[in-house]
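Listed below are the residues making up each chain.
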Amino acid sequence: QVQLVESGGGLVQAGGSLGLSCVASGVTFSPYGLGWFRQAPGKEREFVAAIAWSGGRTDYAYSVRGRFTISRDNAKNTVFLQMNSLKPEDTAVYYCAARSGARLYYTNYPYWGQGTQVTVSS
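Residues numbered from 1 in each chain as written. Predicted model: local features only at pLDDT ≥ 70, side-chain atom pairs only at ≥ 80, totals over all residues. Heavy atoms only, no water.

So what's going on with the overall build of the protein? Which residues, and what values?
In terms of helices and strands, the protein carries 0 helices and 11 strands. Counting from the amino terminus, helix and strand elements in the protein follow one another as β-β-β-β-β-β-β-β-β-β-β. Its C-alpha atoms give the protein a radius of gyration of 13 Å, within 12% of the compact-globule value 14 Å for 122 residues. Considering only C-alpha atoms, the protein reaches an extent of 40 × 25 × 25 Å along its principal axes. (Helix = DSSP H or I, 4+ residues; strand = E, 2+ residues; numbered from the N terminus. Rg over C-alpha atoms; globule rule 2.2 N^0.38 Å.)

Written out as structure tokens, the structure reads:
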């Protein structure tokens, strides 16, 4: 059974930085794509970033491009999201997700973590 566990959320002032991690366990398929999504109060969950199996391809939502960086360590089954220059509108629960395949994916992730809260104060 695939499990994804996020960590690293918290409270930070606007302009600050946070780093999120997500460890995958029970993954019996390879390769697999990884992504980060977020859901703010009263809003739908939205795509934040994704990374292909090789780590050589990444993509970001327009709202975070240039401020967030996604990376992965396949030996440790871990994906990271470094968030810099944080804004109050980045406040949300952040989720990591996984799906089978070597490519970069934006949708149709069957496996999700429980989420970690990120709060950015103004």
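Here the narrative resumes.
Tell me what's going on with the state of the cysteines, and back it up with residues and numbers.
By the definition in use, this model includes 1 disulfide. Disulfide partner of Cys-22: Cys-96, at an S-S distance of 1.8 Å. On the S-S bond that ties Cys-22 to Cys-96, the torsion sits near 40°, and the link is right-handed. One end of the pair, Cys-22, is in strand S3 (residues 18–25); the other, Cys-96, is in strand S9 (residues 92–100), with 74 residues separating them in the sequence. Just as Cys-22 is buried, Cys-96 falls in that class too. (Disulfide = S-S within 2.5 Å. Buried < 20%, exposed > 50% of the residue type's maximum accessible area, 1.4 Å probe, protein only.)

Mind laying out unusual backbone geometry, listing which residues take part and the relevant values?
For residues that are not glycine, phi is negative in most cases, and the peptide bond is trans in most cases. For the bond from Ser-30 to Pro-31, the omega torsion is 0°, close enough to zero to count as cis. Inspection of the secondary structure assignment puts Pro-31 in the loop between S3 and strand S4 (32–39). You will see that Asn-77, though not glycine, has its phi angle at about 50°, which is positive. Mapped onto the fold, Asn-77 is located in the loop between strand S7 (68–73) and strand S8 (78–83).

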